[in-house]
Amino acid sequence: MPHRLAASVAASLAAAGLVTAMAATPASAGPDRHDDTTLGRLAADTHRYFGSATDNPEFSDAAYLGILGSEFNSTTAGNALKWYATEPQQGVFDFTQGDQVLDFARRHHMSFRAHTLVWHNQLPDWLNNGTFTADQLRAILKKHITTVARHYKGKVYSWDVVNEAFNEDGTYRDTIFYRTLGPGYIADALRWAREADPHAKLYLNDYNIEAIGPKSDAYYALVKSLRAQHVPIDGVGFQGHLALQYGYPDTLEQNLRRFADLGLDVAITELDIRMYVPADATKLATQADWYARVTKACLAVRRCVGITVWDYTDKYSWIPAVFQGEGAALPYDENLQPKPAYTAIRDALRSAGRH
Ligand code: 9MR
């Protein structure tokens, strides 16, 4: 990060009385000085990964790909493995987009988090608009999971088997799968995924479960009961779509730890920290502090295997299209320049790697 920017951020931090993580890194001792290390390398020193989601349209951007392939040691396809992409017509499978991302990952020695087999969004029309009996839908689900997970067998680190299964109050989300098959679709999905790819780590994944509360409690109860029934479940993914205006999830570390204590892996799977735009130095400093805190929370929990940002640059963030007036959520800006958040993550990883 340019030192001029670091200095101005530090100055505005001091002015705002917000002397936080940044203060530990005086600009004059900035990490870029003799340093060609990367987030991926630093994370690997702690036996973790630091990853970024990516998406196929971004593959025409060489500068973007250069950073993706060098800075991160894990990736997730943001859309390529969703049902609409992999089975656009019933029984007709298409792995072109997923394979493109996976090939990139393999060429750059990055691990690959596969996302996602069962989700209520981005389903193909034939599935959304069809009318199926429970037996028919169960057969459709089994075929989808089996075919997709088999195609990637042995090549992916993990699968987000079921994504976003719960409402905010901890009740099951009313999806085509829940409505038609009941809550047992989750255990079935996990079993079929294990059969198809015995080595992939199998995850449930959701947003707004970073803090302890009704929704994360629902996951806690579910994974406990799945374990008791010997249903294959290896981890829980905490997406981490945070927003400055909602406050930092203070119980994150404690929450990660309680899941880890059940014998599960945990991961931060889709981290971004949005703000009202335009960004300014104060907001960017707070964002940097939050990125550092999330990183430290993961590092403090042995079973927290890694962190993935939901793409690494504001150039390709999903936020502005969905949350009007919000953005600037990622560690690199729209010009692919590292922001204070980047340095803060690096410092957090580095301080853990030393011990
Ligand atoms: O990043 C994805 C974006 O390109 C899609 O338009 C969007 C559609 O819902 O999905 C985004 O990724 C989502 C992820 O698959 C699940 N968690 C929430 C993510 C942001 O919406």
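Residues numbered from 1 in each chain as written. Predicted model: local features only at pLDDT ≥ 70, side-chain atom pairs only at ≥ 80, totals over all residues. Heavy atoms only, no water.

### Focus: the environment of Asn167
- One can find Asn167 in the loop between strand E4 (158-163) and helix H8 (176-181).
- The exposure class assigned to Asn167 is partly exposed, which follows from its relative accessible area of 26%.
- The spatial distance from the C-alpha of Asn167 to the C-alpha of Tyr207 is 10.0 Å, given a sequence separation of 40 residues.
- In this view, Asn167 contacts Tyr172, Arg173 and Lys215; residues no more than four positions away in its chain are not counted. (Helix = DSSP H or I, 4+ residues; strand = E, 2+ residues; numbered from the N terminus. Buried < 20%, exposed > 50% of the residue type's maximum accessible area, 1.4 Å probe, protein only. Contact = heavy atoms within 4.5 Å.)

### Topic: the site of the ligand
- In the neighbourhood of the ligand, the contacting residues comprise Asn79, Lys82, His115, Trp119, Gln122, Asn163, Glu164, Gln239, His241, Glu270, Trp310 and Trp318.
- A distance of 2.7 Å separates an oxygen atom of the ligand from a polar atom in the side chain of Lys82.
- In the model, an oxygen atom of the ligand is placed 2.7 Å from a nitrogen or oxygen of the His115 side chain.
- In isolation the ligand exposes 450 Å². Once the protein is present, 74% of that is buried.
- Here the residues of the shell around the ligand are counted per class, giving 3 nonpolar, 6 polar and 3 charged. (Near = heavy atom within 4 Å. Polar contact = N/O pair within 3.5 Å; in protein donor to acceptor, adjacent residues only side chain to side chain. Areas by Shrake-Rupley, 256 points an atom, 1.4 Å probe, with all protein chains shown as cover. Nonpolar A, V, L, I, M, F, W, Y, C, P; charged D, E, K, R; others polar.)

### Focus on the state of the cysteines
- This model, assessed by the stated rule, comprises 1 disulfide.
- Two residues share a disulfide in this structure: Cys298 and Cys304, whose sulfurs sit 2.1 Å from each other. Across the S-S bond linking Cys298 and Cys304, the dihedral sits near -100°, which makes this disulfide left-handed.
- Take Cys298: its relative accessible area is 1%, and that puts it in the buried class. (Disulfide = S-S within 2.5 Å.)

### Considerations on the confidence of the model for the protein chain
- Per-chain confidence: the protein chain averages 91 in pLDDT, with 89% of residues scoring 70 or above.
- With pLDDT under 50 throughout, residues 1-34 is counted as low confidence; its partners more than four residues away or in other chains account for 40 contacts. (pLDDT = per-residue confidence, 0-100.)

### Thoughts on the packing of helix H7 (residues 134-151) against helix H9 (residues 185-196)
- Between H7 and H9, whose axes approach to 8 Å, the crossing angle comes to 35°. Every pair of crossing elements has a handedness; the one defined by H7 and H9 is right-handed. Here H7 contributes Arg138, Leu141, Lys142, Ile145, Thr146, Ala149 and Arg150 to the contact with H9, which in turn contributes Tyr185, Asp188, Ala189, Trp192, Ala193 and Ala196.
- For the contact of H7 with H9, the residue count by class is 8 nonpolar, 1 polar and 4 charged. (Axes fitted to C-alpha atoms, helices over the stretch in contact; angles between N-to-C directions. Left-handed = near helix turned anticlockwise from the far one by under 90°.)

### Quick notes on the pairing of E4
- Within E4, 6 of the 6 residues are buried, leaving the element largely enclosed by the surrounding structure.
- Relative to E4, strand E3 (residues 111-118) runs parallel, the two sharing 4 bridges. Residue His115 lies in a different strand from E4, and its bridge partner there is Asp160. (Pairing = 2+ DSSP bridges.)

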